[in-house]
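Remarks on the overall topology
Take a look at the letters that make up each chain.
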Protein chains: 2
Amino acid sequence: MTYRAPINDMLLALNHGAGLEAAVKAGHYGDFDADITAAVLEEAGKFAGDVLAPLNRIGDEHGIKLEGGKVTTAPGWPDAYQRWIAAGWNAVSGPEAFGGQGLPLAINAVCTEIWSASNIAFGLCPLLTLSAIEALDAHGSDALKKTYLEKLVSGEWTGTMQLTEPQAGSDVGALRTRAERAADGSYRIKGTKIFITYGDHDMTDNIVHFVLARLPDAPAGTKGISLFLIPKFLVNADGSLGARNDIYPSGVEHKLGIHASPTCTMTMGDKGGAVGYLIGEENRGMLCMFTMMNQARLAVGLEGVGIADRAYQQALAFAQERRQGHAFGSKGEGSDPIIVHPDIKRMLMQMRTLTAAARTICYATAVALDVSLRAKDVKVRADAAARGALLTPIAKAYSSDIGNEVAYLGVQIHGGMGFIEETGAAQHSRDARITSIYEGTNGIQSIDLVARKLAANNGASVFALLDELSGVVTQVERSNDPAFGTTGTKLREALGALDRTSKWLLKRVASKPNEALAGATPYLRLFGATLGGCMLAGEALAACEAGDGERYIAVARFFAENVSVQAPSLERTVTDGAEAVNGADAVLLA
Amino acid sequence: MTYRAPINDMLLALNHGAGLEAAVKAGHYGDFDADITAAVLEEAGKFAGDVLAPLNRIGDEHGIKLEGGKVTTAPGWPDAYQRWIAAGWNAVSGPEAFGGQGLPLAINAVCTEIWSASNIAFGLCPLLTLSAIEALDAHGSDALKKTYLEKLVSGEWTGTMQLTEPQAGSDVGALRTRAERAADGSYRIKGTKIFITYGDHDMTDNIVHFVLARLPDAPAGTKGISLFLIPKFLVNADGSLGARNDIYPSGVEHKLGIHASPTCTMTMGDKGGAVGYLIGEENRGMLCMFTMMNQARLAVGLEGVGIADRAYQQALAFAQERRQGHAFGSKGEGSDPIIVHPDIKRMLMQMRTLTAAARTICYATAVALDVSLRAKDVKVRADAAARGALLTPIAKAYSSDIGNEVAYLGVQIHGGMGFIEETGAAQHSRDARITSIYEGTNGIQSIDLVARKLAANNGASVFALLDELSGVVTQVERSNDPAFGTTGTKLREALGALDRTSKWLLKRVASKPNEALAGATPYLRLFGATLGGCMLAGEALAACEAGDGERYIAVARFFAENVSVQAPSLERTVTDGAEAVNGADAVLLA
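For clarity, every value in this text was computed on a predicted model and none was experimentally measured.

Next up on the list: the overall build of chain A. What chain A contains, in helices and strands, is 18 helices and twelve strands. When the backbone C-alpha atoms are referred to their principal axes, chain A occupies close to 80 × 60 × 60 Å. By the burial criterion, 61% of the 590 residues in chain A qualify as buried.

Listed below in structure tokens is the structure:
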């Protein structure tokens, strides 16, 4: 089945849960005309449903091919990519000076969810291009920008990000690819990179690679890494394509999911070295990388949201069609659709509400990043930057975990059919799996949350957020609406648990780091369960005011009573569990 | 990497956590010589490691082929199967009167874990044969037993179980395959079955199909179902093979996992009808099915345990080899193995302890089933039967859920490499996925637990078990061993939560079934987290007495502080969450 973007849910999440409406009213979005939001999203949903979604299964089945040093994508993909460019979707958030539409990240976030839901393997290509655009726009020379930026923004050329090497995954500083200075001011790069998304393909004439490498005299570790732009084809002064550069796909991976997205091993230097141009300063490559890390991580969180929603839509449709057994007490002829069974309802509500919570967390991250870039007031910008930095690891890890959980439940609802590839439910599950791993594993996100984001300002960003959330919970408590059930109680308890756990971690993060880090993953989980619950409650309150409260209250309530309710247990996992983790060697190394 | 059966862990779980030693001492195992257990398991582990494990990846890559109405298995599989028969592994628990070794189910349970860990797709074939043996032994005529049973026990022929049809999955009563009485007392069967494991293959000369079908005058629903034995090749009076019977594989599924296990669509009747022989009485086929359901469900739980252990072993080895980053505070040259990081330790301990808990729950189920069949005292047998019936849905659902969770973590520990199929971690995850679905989905197991097993005797089986578990926790509390950390507290709380939740459900299961069923899945989860925690604590106490306590205490502690700790939240999910589940229509059908 195809995919339909849930525009109403998205607008509620964006405007209320994520606070876009308030930020626009406060003037933090400058001259952005928020009235266009719905229209943009409607069009994005239409393109995704019409063009991208139908290619999702085809891409999974065909995968890609590497022959004669060239990667071929699945049937229909190059054509769809040309339609993508023509419709202007590549340029949504690109800089206006280079042909982009300059729309807020918040709008692009919703679009990223939509592309990922309809076809994550396709959506990855522009996602990587976007990171390349960011790096070039922020750190590139005017000459490089002039040659490359406009074509990357339009999508006429795509970009890649090349960090990983066999011995350098999470530990980027261990990379060995070498760069040598050439007489003309350019560089010659030699080395091998692995796991390069869309490292080669047949959808565009040129590909612009962004490669981390090390100069001969560079310091060890992350302080000796430089970033280079390496075009697949060199570009002549008049903008036409020149010679083939010495960077080739030498292998492609056979992966669990995202089969249609080529994951290449890239080899540079077999013919003397790839011609590369420095981005930013020598040995400052990691700085350029950090520039775009927030947005790339947020994008992966949105992939999780997108896949989750796709899996939910498919499971919901199946549960309404598939007939097995009877509702309890029903004596009618024939079977009932399985959606009548409470256990199926539970799974569907779990899927729906987890997805909704992850969505709002991601959109709120985008709004914070927007305000940090767009607001006039320095203090507002700084606060928003801190908020965005805090939310980013949660958006990435919590949402990608949820993408996996929801896709898992989607298979389960399909029963035996879910295990058959033809059904498509299993593909979502396979595709989702990488989102918890790439752009920094979710373990690394948790460590980032505890060791950097929580600790950065002695918890000030966290406690400021908790204060805001507490205000939402107070509104739920005061509403006295019985439809909320025990939502207020559960959220109040969750806030208390998160507050205490944050303080417990702050006491240890410097003095007993291994104790703090042992609890990093359950802490991030606790954060997501609390934050998501409060945000959904806030959305329900806003929906009530708009006269459409019933279902959004039901969503918020289910989440609070089934997910946020785990907060006290998660608190104790962090505060009572560190010793068992750090004493694990007696078991693991016995 | 290969698989090594963790014999010491298995023996501790079997003898102490699962209570085999006590049952043998009490005389409930008759003349079974428990001294042979270790030797049998050592040999099973050796066969699995040497013969089955190396074929696991080959089978996944090659899958199976259906050409010209015949299924071909992966290279090496027919040969391995012949070695399997020759070594006598097929006959471990088969009836002695027909050449079986008649070993207890508890021993066979450990073997099932071992086969599943080394190669689940291979192990499925004898698993299905075992179900066929059970049905035939319990309900078949002497003539049928004489012709078929010995060859099924030895494994010279394999068996299939054919229940499912497109419209009849969980709802078996909806099946339509027809059987007509023939003049010679046999039957002619026409119809189509789907999802038939090893419905055809090239490992043996003959296959004995056990097929559910409906007579023309049969009542509707499950009361009109009969069980038939349908051989692939008819068997002559002298035992030689005769004509090809009219039952053919007409399709094979392209599945997410267990690629090497053929999942066939079976068509009967294209050439006039398959010759079938009635097992038991007409219209009593479901009774025959129920006979073997407990063991089949337990076997699936053991598949979950096996895959979990395999995934753990692989992840542990990877974490000891793979070097990325430094331990906190370490300044040495080069990187440390990733096992130094607390977050990796947490994942490994999660894998290890979840697996251990699921293992003991499954073994305890097998011991209960053994005692229900072997004890002399009628009351002992009846109590054990009730215990076995109670534990079966938990063994099936909790262990298969854990199989999936552990395999998921196994991929996560491998990072990007985990997403590459070559690594093998992803295969465990794909293979595990079916265990939560087949032999009754885990949702159906949860409903069985609440609506039948808990409610059967107004909770008596549950409360008797809780009393026993409370005794174990008292021992932990009295031990005053600081190595247990907060194990005693966490388990005491979990027992309280399980007790209260059971009572809450009992009050509603008859009067408000939808409220009770809404909590079925979290209740089963709560049961597993409590039961598993107490059992691991019991094992730790036993290991202490044997002077090997340290690592088993660490296992019990981690589980209690990280898994059993969820009990209070799960209690509230059941008791506060039903309304949100049953009010879901406002969201799902909006």
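This next bit is on the interface of chain A and chain B. With 76 residues of chain A in contact, the opposing surface of chain B contributes 76 residues. Among the secondary structure elements, those contributing two or more residues to the side of chain A that touches chain B are α8 (342–374), α9 (378–413), α11 (442–454), α14 (513–518), α15 (520–545), α16 (549–562), α17 (567–582) and α18 (585–588) of chain A. The biggest single contributor to the side of chain A that touches chain B is α17(A), with ten residues.

All names here are of chain A. With 22 residues, helix α13 (residues 487–508) should reach 32 Å at 1.5 Å per residue; the first-to-last C-alpha distance of 32 Å fits that figure. Turning to α13, its buried residues number three or more, namely Thr487, Gly488, Lys490, Leu491, Glu493, Ala494, Leu495, Ala497, Leu498, Thr501, Ser502 and Leu505. Looking at the buried side of α13, the elements it contacts are α11, α12 (460–479), α14, α15, α16 and α17.

Turning next to the relation of the copies chain A and chain B. Rotating chain A by 180 degrees and moving it 0.0 Å along the rotation axis overlays it on chain B with an RMSD of 0.0 Å. Taken together, the rotation and translation relating the two chain copies correspond to the operation of a two-fold axis. Across chain A, the smallest distance between a C-alpha and the rotation axis is recorded for A:Ser569, namely 3.2 Å. Looking at chain A, 100% of its interface residues are interface residues in chain B too, so the copies touch through the same face.

We now examine the domain arrangement of chain A. All names here are of chain A. For chain A, the domain assignment lists domain 1 (7–150), domain 2 (158–286) and domain 3 (442–582). The distance between the C-alpha centroids of domain 1 and domain 3 comes to 31 Å. Residue-level contacts link four residues of domain 1 with seven residues of domain 3.

Right, let's get into the environment of B:Ala389. All names here are of chain B. In this fold, Ala389 is placed in helix α9 (residues 378–413). A count of 20 C-beta atoms within 10 Å places Ala389 in the buried class. On a C-alpha basis, the gap between Ala389 and Thr530 in space is 18 Å, while along the polypeptide they are 141 residues apart.

Below, the discussion takes up unusual backbone geometry. All names here are of chain B. At Tyr198, a residue that is not glycine, the phi angle is positive and equals roughly 50 degrees. Looking at the element boundaries, Tyr198 is found in the loop between β5 (187–197) and β6 (207–213). Residue Tyr198 is classed as buried on the basis of its C-beta count, with 26 C-beta atoms lying within 10 Å. The backbone phi angle of Glu439 is positive, close to 55 degrees, even though this residue is not glycine.

Okay, the packing of α8(A) against α9(A) next. Residues and elements named next belong to chain A. α9 packs onto α8 with a crossing angle of 155 degrees between their chain directions and a minimal axis gap of 7 Å. Judged by the inter-axis angle, α8 sits roughly antiparallel to α9. When the axes of α8 and α9 are compared, the crossing they make is left-handed. Looking at the contact of α8 with α9, its residues break down into 22 nonpolar, nine polar and three charged.

For a regular strand, the rule is simple: side chains alternate between the two faces of the sheet. Residue and element names in this part refer to chain A. Within strand β7 (residues 226–231), six of the six residues are buried, which leaves the element mostly enclosed by the surrounding structure. Both faces of β7 are covered, namely the face carrying Ser226, Phe228 and Ile230 and the face carrying Leu227, Leu229 and Pro231. Relative to β7, strand β6 (residues 207–213) runs antiparallel, the two being bridged by six bridges. Its bridge partner being in β7, Phe210 is matched across the sheet by Leu229. For β7 and strand β12 (residues 274–279), the ladder comprises three bridges, and the chain directions are antiparallel. Looking across to β12, one finds that Leu227 is bridged to Ile279.

The subject of this paragraph is the pairing of strand β11 (residues 263–268) of chain B. Residues and elements named next belong to chain B. In this structure, β5 lies alongside β11, joined through five bridges in antiparallel fashion. Paired with Thr197 across the two strands is Thr263, which belongs to β11. Both strand β10 (residues 247–252) and β11 contribute to a ladder of five bridges, which runs antiparallel. Its bridge partner lying in β11, Val252 is registered against Cys264.

Residues and elements named next belong to chain A. It is at 10 Å that the axes of α9 and α15 come closest, and there the two elements cross at 95 degrees. It follows from the interaxial angle that α9 and α15 lie roughly perpendicular. Counting all contacts with α9, which are made through Pro393, Ile394, Ala397 and Tyr398, the residues of α15 involved are Leu524, Phe527, Gly528 and Leu531. Along the lines of polarity and charge, the residues of the contact of α9 with α15 split into seven nonpolar, one polar and no charged.

Looking now at the confidence of the model for chain A. Put simply, chain A has an average pLDDT of 96, and 100% of its residues get 70 or more. Both confidence scores are given for the complex: pTM 0.98, ipTM 0.97.

Residue and element names in this part refer to chain A. Tracing the chain through its elements places Leu298 in helix α7 (residues 285–321). In sequence terms Leu298 and Cys544 are 246 residues apart; their C-alpha atoms lie 29 Å from each other. Residues in contact with Leu298, not counting those within four places in the same chain, are Ala109, Cys362, Thr365, Ala366, Thr392, Ala395 and Lys396.

Calculation notes
- Residues numbered from 1 in each chain as written.
- Chains lettered and ligands numbered in written order.
- Predicted model: local features only at pLDDT ≥ 70, side-chain atom pairs only at ≥ 80, totals over all residues.
- Helix = DSSP H or I, 4+ residues; strand = E, 2+ residues; numbered from the N terminus.
- Buried ≥ 20, exposed ≤ 12 C-beta atoms within 10 Å, placed from the backbone.
- Contact = placed C-beta atoms within 7 Å.
- Expected span 1.5 Å × (residues − 1).
- Least-squares fit on C-alpha atoms with pLDDT ≥ 70 in both.
- Domains from an automatic or database assignment.
- Axes fitted to C-alpha atoms, helices over the stretch in contact; angles between N-to-C directions.
- Parallel < 35°, antiparallel > 145°, perpendicular 65-115°, else oblique.
- Left-handed = near helix turned anticlockwise from the far one by under 90°.
- Nonpolar A, V, L, I, M, F, W, Y, C, P; charged D, E, K, R; others polar.
- Pairing = 2+ DSSP bridges.
- pLDDT = per-residue confidence, 0-100.

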